[in-house]
Amino acid sequence: MKYGHFDDEHREYVIERPDTPLPWINYLGLQKFFGMISNTGGGYAFMIDARKRRLTRYRYNNVPMDYGGRYLYIRDEDSGDYWSPTWMPVKKDLDYYECRHGMGYSVITGERKGVRASTRFFVPLNENLEIWETEISNRSNEIRRIKLFSFIEFCTWEALNDFTNLQRNLNLAEVEIEENVIYHKTEYRERRNHFAYFAVSEKPAGFDTELEAFLGPYAGFHEPEVVRKGLPRNSVAAGWNACGSHCIEMKLEPGETRQINFLLGYFENPENEKFETKDVINKKYVKPVMDKYLDRKNSEIAFLQLKNYWDDLLGKLQVETPEENLNRMVNIWNQYQCMITYNMARSSSYFETGIGRGIGFRDACQDLFGAVHLLPVERSRERILDLAAIQWKDGACYHQYQMLDKIGNADLGVGFNDDPLWLILATAFYIKETGDWSILDAAAPFDNNPDDKAPLYEHLKLSFEYILNHLGPHKLPLIGRADWNDCLNLTMTSIKPGDTFQADATHASLDDDIGSVPESLMIAGQFVWAVNELQVLALKRNDQQTAQQAEQTVVNMISAIKEHGWDGEWFMRAYDRFGQKLGSKESGEGKIFIEAQAMMGIARVGLEDGLLKKAMDSLEKHLFSEHGVVVQQPAYMKYDFNIGEITSYPPGVKENAGIFCHPNGWVVISECNLGRGDKAMQYYKAICPAEREAISDLHRCEPYVYCQMIAGPDSPRFGEGKNSWLTGTASANFLAVSQYILGIKPDYDGLRIDPCVPKSWKSFHIRRTFRNAVYQITVQNPDGVNRGVKQLTVDGKRNDSNVIPVFEDGGEHEVMVIMGER
């Protein structure tokens with residue numbers, strides 16, 4: 001069943017009914033850093049879902065997840081009927097419903113008994129506030145007397161504390177009410193200089209700021225007493241739970257429409273100018289901001305600026321291919337999700353609480369792959385140097401760091417042995433896109449110590465040397481606490497109830513009898529990929545010693561892979577602490593894994609001698625399903641301490657034979673490296689959200705963004721998606737489709753054109769902005785081949801290779817590509 005449709009012209013997904021399988025959300029305020037906006041209520045990002053208006057994870061006592069947050073209520077004063085134009089939380093039948101999720105905004109419209117309410121929600125550029133542009137229309141033939149109630153629930157700033165320290169927090173709440181504005185100022189007197197505010201453009205007939213007063217005894221959000229009776233209580237919070245609600249009275253003639261703006265914002269005062277009088281917030285700085293955006297003319301200008309921002313951003317890469325769903329994903333939704341994931345990492349969604357985790361090292365590196373073409377150079381550069389700053393002098397890297405202070409997470413520490421190599425790859429992707437070689441000379445501290453710095457290039461060499469210093473008995477990289485698959489834990493020595501497998505479980509040292517044995521074939525393939533890039537960087541710097549060392553160690557690693565990691569029909573996954581094979585025909589369960597095959601495919605290991613083709617054929621035979629490629633087969637049916645968290649999940653879920661969507665993008669890349677464009681497209685379509693729209697009842701996640709996982713064949717929920725939005729799947733699949741299927745690859749010396757498409761494609765077109773020039777690229781495939789560039793011309797002149805030179809002239813250049821055998 002479909003619940004809506006794509007509106008590609010307006011870059012929107014239109015949800016036509018409120019009963020989606022799960023709340024289908026959108027993120028607002030994506031053009032900014034989220035940390036400050038979050039403080040409005042304790043979550044980490046403004047989010048909106050299709051069933052109601054709320055800040056997801058606004059407070060952490062909202063079970064089930066569809067309750068709590070904020071809403072609009074409408075009450076008919078003549079009949080007493082009350083309802084919500086967002087359907088939730090009242091859930092009364094609507095005569096009309098529509099939710100439009102767009103780029104950084106959402107519009108939700110509901111109509112009941114002749115009254116229509118529509119609200120557009122967005123965060124203006126460079127502001128710490130959200131605007132609700134609401135319109136109430138009388139579409140009946142009678143005069144309608146109605147009351148509009150707004151509602152938001154405040155948090156006491158720190159989400160975990162708000163959820164747990166009730167003996168304190170339920171005695172803290174403080175507010176100020178001044179005309180049309182409710183100010184939330186809990187803890188402002190003693191230790192904060194920031195506050196939240198909830199303002200409305202109309203003069204309210206009443207207000208409420210105390211949750212129990214608004215809801216009434218034993219009532220829920222679906223039946224608040226204030227709305228049910230139509231009588232605001234003008235309650236002033238003093239402890240207990242603070243909220244904000246305005247009551248707006250209106251009489252609407254037939255055909256009349258009223259426009260009302262609401263603002264929900266966060267503001268900081270200078271520390272020495274907190275008060276205008278004793279304990280009264282100084283409002284001289286915030287009032288001009290509120291006055292500006294409560295004016296509909298100004299808010300509409302702000303919305304137009306937001307639209308133009310996204311149009312410019314997404315316009316950097318636009319495609320026209322024979323595949324409609326590929327077009328809408330590449331042109332709109334995949335790039336949009338890449339930006340969101342870059343900003344938010346894995347911090348806050350319907351599936352992440354936003355508490356504690358921060359940004360993962362490898363996540364941040366991989367997210368850059370899908371966003372570097374969209375980001376200003378300085379933002380990408382800053383991200384890479386931030387990551388280098390949490391590296392240790394031995395090359396190890398903190399596995400996570402925090403958004404605000406950018407300090408490595410010492411509680412989790414280091415020891416995930418794939419992490420250092422991602423820094424090399426992220427830097428390579430950055431230089432290929434921007435041409436900014438100077439970043440290699442930029443100084444970055446070790447472990448955030450400003451007195452101990454080295455150029456980024458030295459950090460990259462340490463990443464390389466870290467792997468060379470941590471090779472196991474078969475001269476393959478030691479896995480450490482885990483590699484890319486965090487749930488493959490081969491070095492645990494103990495785990496207690498309540499421990500997480502990575503953060504709290506005790507892991508063996510890399511130098512002892514356990515830690516010095518488990519080896520990862522996935523890291524081995526990644527090493528070949530990354531160190532090949534390091535060799536190019538070294539040659540550019542005329543560092544012949546490092547270049548030669550890189551070249552030789554790649555040869556050595558490939559030799560070790562083929563000698564000790566080839567299992568006859570596919571590449572093994574690892575060696576465990578006992579030196580036994582994992583991901584082998586000899587294994588009882590987990591005989592073949594996706595990561596080893598796909599990473600060898602990216603690195604082109606076994607391409608010349610046919611091993612890669614054989615491995616990918618085995619992947620198709622054993623791991624591919626109608627809903628995507630599963631992590632491994634057979635699934636683990638019982639828990640195994642020596643293998644770790646992967647065996648703790650039910651079969652078919654997450655890393656235990658679930659369809660983990662991120663490495664599915666790697667599979668697409670591998671097939672393109674083999675030149676098999678039809679297989680690459682088959683894998684791409686299997687997990688493509690737009691392709692899965694027709695099975696929304698089964699898939700259950702948003703049909704416009706990727707999810708982390710789809711349940712595998714071993715699960716009774718086979719085909720059901722989970723953990724949408726914040727996933728490395730976004731960047732992995734954007735990389736796969738844009739640079740490998742479509743074949744538009746930024747390279748050190750230009751833009752490489754190397755498509756690998758289905759044979760049925762006769763032509764396609766790409767508009768790509770690259771280093772201050774625009775390339776209009778038309779690709780023709782007259783012979784119906786999967787891969788190969790027979791001829792390439794730039795501005796009418798034949799090019800000797802398939803690398804378009806860098807112009808950087810601010811101009812537009814016509815590129816014609818003819819596929820076929822040279």
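All of the points below concern the structure found in this document. Model, not experiment: these values are computed from the prediction.

### What to know about a negative patch on the surface
So, point 1. Judged by side-chain charge, Asp795, Glu808, Asp809, Glu812 and Glu814 come together as a negatively charged surface patch.
So, point 2. Residue placement: aspartate 809 occurs in the loop between strand 43 (803–805) and strand 44 (812–819).

### Thoughts on helix 7 (residues 324–344)
So, point 1. The end-to-end C-alpha separation of helix 7 is 28 Å, in line with the 30 Å expected for 21 residues at 1.5 Å each.
So, point 2. At valine 330, helix 7 is deflected by roughly 50°, the largest bend along its length.
So, point 3. With 20 of 21 residues buried, helix 7 lies mostly within the body of the structure.
So, point 4. Just downstream of helix 7, alanine 345 is the residue with a positive phi angle, here 55°.

### Concerning the pairing of strand 1 (residues 4–7)
So, point 1. Alignment of strand 1 against strand 2 (residues 12–15), held across four bridges, turns out to be antiparallel. Within strand 2, the residue paired with glycine 4 across the bridge is isoleucine 15.
So, point 2. Between strand 1 and strand 2, which follow one another and run antiparallel, lie four residues, and arginine 11 among them has a positive phi close to 55°.

### Considerations on the environment of aspartate 783
So, point 1. Tracing the sequence through the fold places aspartate 783 in the loop between strand 40 (774–780) and strand 41 (789–794).
So, point 2. Residue classification places aspartate 783 among the partly exposed positions, given a relative accessible area of 49%.
So, point 3. In this view, aspartate 783 contacts Lys790, Met819 and Gly820; residues no more than four positions away in its chain are not counted.
So, point 4. Engagement of the side chain of aspartate 783 in a polar contact is seen with the side chain of lysine 790, the distance being 3.3 Å.

### Side note on the side chain of glutamate 595
So, point 1. Here glutamate 595 lies in helix 14 (residues 594–603).
So, point 2. A distance of 2.9 Å separates the side chain of glutamate 595 from the side chain of asparagine 485, its partner in a polar contact.
So, point 3. Apart from the residues lying within four places of it in its own chain, the contact partners of glutamate 595 are Trp484, Asn485, Met522, Arg573, Val631 and Trp666.

The rules behind each value
Residues numbered from 1 in each chain as written. Predicted model: local features only at pLDDT ≥ 70, side-chain atom pairs only at ≥ 80, totals over all residues. Heavy atoms only, no water. Patch = residues over 30% accessible without salt bridge, like charges linked within 9 Å, V, L, I, M, F, W, Y side chains within 5 Å. Areas by Shrake-Rupley, 256 points an atom, 1.4 Å probe, with all protein chains shown as cover. Salt bridge = Lys/Arg side-chain N within 4 Å of Asp/Glu carboxyl O. Lys, Arg positive; Asp, Glu negative; His and termini not counted. Charge placed at Lys NZ, Arg CZ, Asp CG, Glu CD. Helix = DSSP H or I, 4+ residues; strand = E, 2+ residues; numbered from the N terminus. Expected span 1.5 Å × (residues − 1). Bend = angle between axes of the 7 residues up to and from the residue. Buried < 20%, exposed > 50% of the residue type's maximum accessible area, 1.4 Å probe, protein only. Pairing = 2+ DSSP bridges. Contact = heavy atoms within 4.5 Å. Polar contact = N/O pair within 3.5 Å; in protein donor to acceptor, adjacent residues only side chain to side chain.

Geometric descriptors of this kind do not, in isolation, establish any biological role.
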